[in-house]
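Listed below, chain by chain, are the residues.
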There are 2 protein chains.
Amino acid sequence: MRVVYVLWILIPVMATAQVRYTGSNMTRPDNYREWVWLSSGFGMAYGPGTQAENPDPPFDNVFVNPEAYHAFLKTGAWPDRTVLVLEIRSSQQKGSINQHGHFQGDGARVEVHVKDAQRFPEKRWAFFMFGESAKSAAPAAADTTCFTCHEKSGAVDTTFVQFYPILRDIARQKGTLKPVN
Amino acid sequence: MRVVYVLWILIPVMATAQVRYTGSNMTRPDNYREWVWLSSGFGMAYGPGTQAENPDPPFDNVFVNPEAYHAFLKTGAWPDRTVLVLEIRSSQQKGSINQHGHFQGDGARVEVHVKDAQRFPEKRWAFFMFGESAKSAAPAAADTTCFTCHEKSGAVDTTFVQFYPILRDIARQKGTLKPVN
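Scoring rules and cut-offs
- In this convention, every chain numbers its residues from 1, walking through the sequence in written order.
- Naming scheme: in the order in which they are written, chains are lettered from A and ligands are numbered from 1.
- Residue-level local features of this predicted model are given only where pLDDT is at least 70; pairs of side-chain atoms are given and counted only at 80 or more, and the full residue set underlies all totals for whole chains, interfaces and linings.
- Just so you know, side-chain values use all the structure's heavy atoms and leave hydrogens and water out.
- Counting from the N terminus, the helices are the DSSP runs of H or I reaching at least four residues and the strands are the DSSP runs of E reaching at least two.
- Categorising residues by exposure relies on relative accessible area from a 1.4 Å probe, with only protein chains included: less than 20% of the type maximum marks a residue as buried, more than 50% marks it as exposed, and the intermediate range marks it as partly exposed.
- Contacts were defined at the residue level, with two residues in contact if any of their heavy atoms lie within 4.5 Å.
- When two rings of Phe, Tyr or Trp (its six-membered ring) have centres within 6.5 Å they constitute a pair, described as stacked for plane angles under 30 degrees, edge-to-face for angles over 60, and tilted for the intermediate range.
- Think of it this way: DSSP has to see at least two bridges between two strands before they count as a pair.
- For salt bridges, the criterion is a side-chain nitrogen of Lys or Arg within 4 Å of an Asp or Glu carboxyl oxygen.
- Identification of polar contacts relies on pairs of N or O atoms within 3.5 Å, with a donor-acceptor requirement for protein atoms, meaning one able to donate a hydrogen and the other able to accept it, and with residues adjacent in sequence counted only if both atoms are side-chain atoms.
- Ten residue types, Ala, Val, Leu, Ile, Met, Phe, Trp, Tyr, Cys and Pro, are classed as nonpolar, four, Asp, Glu, Lys and Arg, as charged, and the remainder, Gly among them, as polar.
- Working note: the arc is built from the helix axis to C-beta atom directions.

This part covers the overall build of chain A. For chain A, the count of helices and strands is 4 helices and 8 strands. When the 181 residues of chain A are sorted by exposure, 49% land in the buried category. Excluding contacts between residues fewer than 6 apart, the proportion of contacts in chain A whose partners are at least 24 apart in sequence is 53%.

Structure below.
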């Protein structure tokens, strides 16, 4: 009886880490806001662009499934089945009592970067981009800039750990942080 | 035997929600980065000030213990023993491949807003401010601006739910979101 009760608590906890596929399409993860948050950037852009002139650029919020986070704390590396979620959310200013700076608005696009050696044997990692209301997404093609930029500039494996404060310290300690450009 | 094994998994999960006190001082919470993240602001300021002229203002990252988060999703209100952690973290730009905007740096101050009717019978909530390396903090006095501003402008109870996207939607649905100024 106690075992049943405890499992009833545990099962939802364990289920938070899953992503689901239908054929080659990934279903939009619906519980990533309860995963471990890694960091948020504001108005970040990796090349020259119009972002600099946008007075209300988006926030970039990054989450990872808890199992992968705990493995990274121990090893400085991502285990298989790591799921990183990038939430790109609108920003706003001068709402309520806020006089300066920006807080987070409504409406968010989601991009998923997933490691799965069995499903993606060639590159081990794949990217899935979900529009604001998209429930399903196809994997990004292997020649997209997602891959080239992450492979060239990822500080750990193909991920941008250089922008995640806690994990960049861990990777430095474990000797897994690559110099990047 | 199975019960023991399952409890061995559960206990660390349950322990993440605790804050500890020594006398009236709170011990700095050390695991809040694994709690549920609510939102991050950039350069936010509630009054006229010098923040507007700072080219690298801080990020404000807000976390809550998972039990309180799940209760809020159901009710739109904070249960007793809610612990909100505000992490005020430095920002930087033009690091690695980043050309525009800001990402999060090292060094963080922590402020805790805790609801505990038994420990704080007068106001039910208390504030504790931790400097960058402080391991312990005394409760803020009841006449500080923490209390006056949160009591006047908190959208739910004395908390700034107006700045947390998911929870402000929940509070709107549950009818617990106060109009604020």
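That shown, we press on.
Another point: the packing of aromatic side chains. Per the stated rule, a full pass over the model turns up 26 aromatic pairs over all chains. With a centroid separation of 4.9 Å and an interplanar angle of 90°, the aromatic rings of B:Phe127 and B:Phe147 are classed as edge-to-face. Here B:Phe127, found in strand β7 (residues 125–130), pairs with B:Phe147, found in helix α3 (residues 145–153); they are 20 residues apart in sequence, far enough to count as distant. Note on B:Phe147: relative accessible area 5%, which makes it buried. Feature note: the residues A:Tyr32, A:Trp37, A:Phe63, B:Tyr32, B:Trp37 and B:Phe63 constitute an aromatic cluster, connected by ring pairs.

Turning next to the sheet that holds strand β8 (residues 136–137) of chain A. All names here are of chain A. With antiparallel pairing, the 3 strands of this open sheet are ordered in space as β1-β2-β8. Of all strands in the sheet, those with a lone pairing partner are β1 (21–22) and β8, marking the two edges. In the sheet, β1 pairs with strand β2 (residues 25–27) via 2 bridges, with the strands oriented antiparallel. Counted as the bridge partner of Thr-22 is Asn-25 from β2.

Residues and elements named next belong to chain A. Summarising burial for strand β4 (residues 59–64): 6 of the 6 residues are buried, a large majority. The alternating pattern of β4 places Phe-59, Asn-61 and Phe-63 on one face and Asp-60, Val-62 and Val-64 on the opposite face, and all of these are buried. Relative to β4, strand β3 (residues 36–45) runs antiparallel, the two sharing 6 bridges. Counted as the bridge partner of Gly-41 is Asp-60 from β4.

Contacts between the two partners involve 52 residues from chain A, matched on the other side by 52 residues from chain B. One salt bridge in this structure joins B:Arg168 and A:Asp106, with 3.3 Å as the shortest N-O distance. The tally of links from chain A across to chain B stands at 20 residue pairs in polar contact (both at pLDDT 80 or more). Secondary structure elements with two or more residues in the side of chain A that touches chain B: α1 (2–15), β3, β4, α2 (66–75), β5 (83–92), β6 (100–115), α3 (145–153) and α4 (165–174) of chain A. Sort the elements by how many residues they give to the side of chain A that touches chain B and β3(A) lands first, with 10 residues. Residue composition of the side of chain A that touches chain B, grouped by class: 25 nonpolar, 21 polar and 6 charged. Relative to strand β3 (residues 36–45) of chain B, β6(A) is paired through 2 bridges, and the arrangement is antiparallel. The partner of A:His100 across the bridge, within β3(B), is B:Ala45.

Turning our eyes to something else, we now look at helix α2 (residues 66–75) of chain B. All names here are of chain B. Taken together, the buried positions of α2 are occupied by Pro-66, Ala-68, Tyr-69 and Phe-72. Here the buried residues of α2 occupy an arc of 160° about the axis, which is enough to place them on one side. For α2, the secondary structure elements touched by its buried residues are β3, β4 (59–64) and α4 (165–174).

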